[in-house]
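Descriptive analysis of the structure
This is what each chain is made of:
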Amino acid sequence: MIKENDIYNVIGVDYTSEGIGVAKVDGFPLFVNNLIIGEEAKVKITKVMRKFALAKIISFITMSPHRITPLIPETIHLSGCQFTQLDYAKEVEYKLSKVNRALRVIGGLDYEVKVIHPAPNPYFYRNKTVLPLAMKKDGTVISGMYRFNTHEIIGMDKTHLDDLRASEVMQEIRPLLKKHNISIYDEKSHTGTLRRVMIRASYYTNDIMVVLISKSKQIENIDAFCADLITKCPQITTIVQNINPQRTNVILGDEEKVLYGEGIISDKIDDLTFLVSSKSFFQVNTLQAEKLYSRAISLANLKESDTILDAYSGIGTITLLAAKKVKKAIGVEIVKEAVEDAKANAKINKIANAEFIQDDAGDFLVKHKKNALFDVVFVDPPRKGLGEVFLTKLLEVAPPKIIYVSCDPATLARDLKTLVKKYKISAFETLDMFPRTAHVESITLLSLITP
Ligand code: SAH
């Protein structure tokens, strides 16, 4: 029986879905942060759970030839920083194998994916940064990431993922919070004012949005703070206050106030402009998002006479990019604000053949099944994959082609298992949207099998 503080020599055999090293002792999995597949290390058990145990490395016995010094060394000890110690080519290779394994094991599919599009920008790619804050005893404010498996914030001047322009703004914000006596929220006691700071930095435009997420409606000395911040960082185009009074891990609350500027920024995808508000879903890696959408649309091989459906359409990225090539494009999205953004995006880009409907994707297909004659249906669901009702109705509607864009190979493989009853996988490409994390994006072209 494995117990806390036991010491073992183990070999890295795999990674968890979050990119943590996995080793085994008599078949029992140990999750070991920072262990690379193939490495041998002496580890100490730190916690034993029912199905696995956590362990930490005491010393390496052999190191992988693929081990590198992380760009920011402390990231090895932080949550959400997987693969920073692994060379990028090996990360990409692992992600492709992860997708293939999901197809085989979860989907029961005999299909081998060969294409992965690595990211040209494996660092500093995130156009959206949300950092937790903490105040030290001397009143100094730090922002950064959590130490692995804890809620302890490690102060960092910059992270390896976030756009450097956001890190520069954050460096100015921290001392100004101290100067203006703005109190920092403490999640244990649910006291203090400022919970987090979110920064969006557009890739193609120079827009920068700062969102101050506060517990209460009032933030101490907020006017003086904003005036100081804009003087120090004239590159900031808008400042928004988001109020989240709940005791929750959810980052944003419902209520917002614009403190400076327009309260919105814009970015570009291809030749289209997209308005992005604090709450909008916008892919965090703009360059790779462009690649993703262009591959999805290219694989769909759209014709001028086509009518397409974009289910889970967000702010309308895929719908509008496809609309330029087809007769009619319909986007369905459940979040009201996202639908409003999508309509505004259609307007500013002067696209008249796109229609946006606020509905659950499944309910929409139930209501419109009879006249749902779509040539291509694009789906781009959240990590949990397609809803059951949607999947059933999609098989009944049976469009000639489906393009499934997925950010989770496990739920994709599960959904494909159902879809292959009527469809064959005609193309499959993966794409590294989130370098230096365990996540991987996929695009699948499904063609209706004609009897
Ligand atoms: N294709 C878009 C958005 C993808 S994110 C883009 O690339 O920007 C997935 C979207 O699905 C989110 O906007 C989310 O609000 C929406 N969504 C989640 N559940 C849904 C449902 N049941 N029906 C319709 N849309 C849903």
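In what follows, the accompanying structure is described. (Residues numbered from 1 in each chain as written. Predicted model: local features only at pLDDT ≥ 70, side-chain atom pairs only at ≥ 80, totals over all residues. Heavy atoms only, no water.)

1. Considerations on the site of the ligand
Here is the rule we go by: Here, proximity means that at least one heavy atom of the residue falls within 4 Å of the molecule or strand. Pairs of N or O atoms are called polar contacts if they sit within 3.5 Å, as long as, within protein, a hydrogen donor faces a hydrogen acceptor (for residues adjacent in sequence, only side-chain-to-side-chain pairs).
Among the 16 residues in the neighbourhood of the ligand, the closest are listed as Y293, E333, D360, A361 and D380. Side-chain polar atom of T317 to an oxygen atom of the ligand: 3.1 Å apart, as the coordinates give it. For the ligand, an oxygen atom lies 2.6 Å from a polar atom in the side chain of E333.

2. Topic: the environment of P175
Heads up, the rule is: Every helix listed is a DSSP run of H or I at least four residues long, and every strand listed is a run of E at least two residues long, numbered separately from the N terminus.
In this fold, P175 is placed in helix α2 (residues 164–179). With 100 residues separating them along the chain, P175 and L275 place their C-alpha atoms 31 Å apart.

3. Quick notes on the sheet that holds strand β3 (residues 21–25)
In plain terms, the rule: Two strands pair if DSSP finds at least two bridges between them.
The strand order β1-β5-β6-β4-β3-β2 describes an open sheet built from six strands, whose pairing is mixed. Looking at strand neighbours, the two that pair on one side only are β1 (7–11) and β2 (14–15), the edges of this open sheet. Strand direction decides the pairing type here: strand β4 (residues 28–32) and strand β6 (residues 53–62), joined by three bridges, are parallel. Bridge assignment links L30 to a residue of β6, and that residue is A53.

4. Remarks on the pattern of salt bridges
This is how the line gets drawn: Only one rule defines a salt bridge in this text: a Lys or Arg side-chain nitrogen within 4 Å of an Asp or Glu carboxyl oxygen. Here's how the labels work: a residue is buried when its accessible area is under 20% of the maximum for its type, exposed when over 50%, partly exposed in between, all with a 1.4 Å probe on protein chains only.
Scanning all chains against the criterion turns up 21 salt bridges. Two residues, D14 and R101, come together in a salt bridge whose shortest N-O distance is 2.7 Å. With D14 in strand β2 and R101 in helix α1 (residues 88–105), this pair connects stretches of sequence that are 87 residues apart. Between E355 and K328 there is a salt bridge; the shortest N-O distance is 3.1 Å. Taken as a pair, E355 in strand β19 (residues 354–358) and K328 in strand β18 (residues 328–333) lie far apart in primary sequence, 27 residues in all. The exposure class of K328 is partly exposed, given its relative accessible area of 27%.

5. Quick look at the environment of Y123
This is how the line gets drawn: Contact definition: two residues touch when any of their heavy atoms are within 4.5 Å.
Checked against the element boundaries, Y123 lands in the loop between β7 (115–117) and β8 (128–135). Judged by its relative accessible area of 23%, Y123 is partly exposed. In the structure, Y123 is positioned 37 residues away from H160 in sequence and 5.6 Å away in space, judged by C-alpha atoms. The residues touching Y123, leaving out its near neighbours within four places in the chain, are I68, L71, H160 and R436.

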